[in-house]
Amino acid sequence: MGYLAYGHPFLDGNGRTIMLIHAELARRAGISIDWAATDKVQYLAALTQELEEPGKGKLDAYLKPFIRKGSESNIADGIKAAPGLDGGNADTVAGETSNPMLQAQYEEQKAKRNGGRDLQ
């Protein structure tokens with residue numbers, strides 16, 4: 001999950017798409033994530049740590065206790081059951097994109113991804 005998160009170019013938005021892709025890959029491997037048992041704040045903290053230090057397995061470590069044998073029969077319902085990840089208020093995960101502090105956070109993350117090079 002951490003590699004998918006790092007490959008995702010935004011700090012928020014489209015996270016459920018990554019979760020669906022991950023859920024399908026997990027299903028094919030015969031496992032699933034019990035999203036309903038996760039905590040949105042802790043998940044987002046682990047996600048942020050993964051983005052700040054890619055390859056360290058921060059997100060994977062957070063999700064490991066929620067791995068279950070067998071696959072989720074209905075992946076979408078499993079993700080919707082996750083507290084706070086049902087799509088409500090989807091655009092307010094980190095705040096309004098017009099917020100200067102959030103814009104600075106995006107720019108900092110962009111610089112990290114570009115190895116300090118200013119790529120548009």
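Preceding this paragraph is the structure being described.
In this text the structure is predicted, and so the values were computed from the model without any measurement. (Residues numbered from 1 in each chain as written. Predicted model: local features only at pLDDT ≥ 70, side-chain atom pairs only at ≥ 80, totals over all residues. Heavy atoms only, no water.)

A.B. asks: So, the overall build of the chain: which residues are in play, and what are the values?
C.D. replies: The helix and strand tally for the chain stands at six helices and two strands. In the chain, which comprises 120 residues, the proportion classed as buried is 28%. Partitioning the contacts of the chain with sequence separation of at least 6, the portion at a separation of at least 24 is 69%. Surface accessibility of the chain: about 7600 Å² in total, with carbon and sulfur atoms responsible for 53%. (Helix = DSSP H or I, 4+ residues; strand = E, 2+ residues; numbered from the N terminus. Buried < 20%, exposed > 50% of the residue type's maximum accessible area, 1.4 Å probe, protein only. Contact = heavy atoms within 4.5 Å. Areas by Shrake-Rupley, 256 points an atom, 1.4 Å probe, with all protein chains shown as cover.)

A.B. asks: So what's going on with the packing of aromatic side chains? Which residues, and what values?
C.D. replies: Counted under the stated rule, the structure contains two aromatic pairs. For the ring pair Trp35 and Tyr43, a centre distance of 5.6 Å and an interplane angle of 85° mean the geometry is edge-to-face. Per residue, the accessibility class of Trp35 equals that of Tyr43, and both read buried. Arranged with centres 5.3 Å apart and planes meeting at 50°, the rings of Tyr62 and Phe66 form a pair that is tilted. A relative accessible area of 14% means that Phe66 is categorised as buried. (Phe/Tyr/Trp six-rings, centres within 6.5 Å; stacked < 30°, edge-to-face > 60°.)

A.B. asks: So what's going on with the side chain of His22? Residues and values would help.
C.D. replies: Within the secondary structure, His22 is located in helix α2 (residues 15-29). Beyond its immediate stretch of four places on either side in the chain, His22 contacts Met1, Leu4 and Ile33.

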